[in-house]
Amino acid sequence: MLRLSLLLIVLGCGIDGLHAHELGHFPAKPRAANLFKAQAESGSDKSAEEQSKALIEASQWRSLNAEIWGGIVASKHTTFSAGLGFGFKLMSNISLNFRLEYNQELGTARSYRPQVRAAYFEPTVRFHFDFDPMIAFYTDHGLSASAGYYYYQVDERITGSGVGKVFMLTLGTVHTAGLEFGDDFTRGFIETGLRTNFALIQSADRPVRGFQDNLREDGRFQWLVFRAGLRLYF
């Protein structure tokens, strides 16, 4: 019995030594470090600077552009508008643009609310901010010059009194903001904005009777409620 006990003890010590010997020679591996490194490599996102650089590079295609649009202008006299424009790139995300716009109020001339016909010329600087290769936010800032006629009924109390008109030349500023979407060649856009008008020249073609000439004010604001159009790049 004593011999059996001694034999079991010797065998146990040998097995423990064997396990200790084998386990002790396993090479140390930086498992945690490798795991975090793999996650960083697979799930890493570009920095804000890299994303910005990529968007700027993606917008290098902009060069000459031409556009056409229609919309609504709200002010003292709400009008429908239509226009066209062209421009060229100054820098990757900055362009110089020239717009021609025609405004017309539908309806008949009234003594208390003239009917508007005006044309606008607006040179602006446009700033593009790309969210995606297919979507960009932009703003326009520049000068606004207009020339037009305001038709009014000379005296609505007298039948057949005729229609008079006031010629007006104005100078002001224009500021718009919008979204542009589409491919590198054809892009649609929608925008809104604000325009100021300061009268430089006003001239009536006949004496104004029964009409309070509220056109002759120092300055007015116009809300460019909505414009939608198409812009082509070449």
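Each remark here, short or long, concerns the structure printed above.
Residues numbered from 1 in each chain as written. Predicted model: local features only at pLDDT ≥ 70, side-chain atom pairs only at ≥ 80, totals over all residues. Heavy atoms only, no water.

Trainee: Tell me about the packing of aromatic side chains, residues and numbers included.
Mentor: Counted by the stated rule, this structure contains seven aromatic pairs. Ring centres of Tyr149 and Phe167 lie 5.4 Å apart, and the angle between their planes is 55°; on these two criteria the pair is classed as tilted. Taken together, the positions of Tyr149 in strand β5 (residues 135-153) and Phe167 in strand β6 (residues 163-182) put the pair 18 residues apart, joining distant regions of the chain. Relative accessible area serves as the criterion here: at 33%, Tyr149 is assigned to the partly exposed category. (Phe/Tyr/Trp six-rings, centres within 6.5 Å; stacked < 30°, edge-to-face > 60°. Helix = DSSP H or I, 4+ residues; strand = E, 2+ residues; numbered from the N terminus. Buried < 20%, exposed > 50% of the residue type's maximum accessible area, 1.4 Å probe, protein only.)

Trainee: So, the side chain of Ser81: which residues are in play, and what are the values?
Mentor: If you trace the backbone, Ser81 turns up in strand β2 (residues 79-91). Overall, Ser81 belongs to the buried group, its relative accessible area being 7%. Aside from chain neighbours lying at most four places away, what touches Ser81 is Trp69, Gly70, Gly71, Ile72, Val73, Glu101, Tyr102 and Asn103. (Contact = heavy atoms within 4.5 Å.)

Trainee: Account for the environment of Leu96, naming residues and giving values.
Mentor: Among the structural elements, Leu96 can be located in strand β3 (residues 94-104). When the C-alpha positions of Leu96 and Thr124 are compared, they lie 6.0 Å apart, and in sequence the two are 28 residues distant. With residues up to four places along the chain from it excluded, the contact list for Leu96 reads Phe86, Gly87, Phe88, Leu90, Thr124 and Val125.

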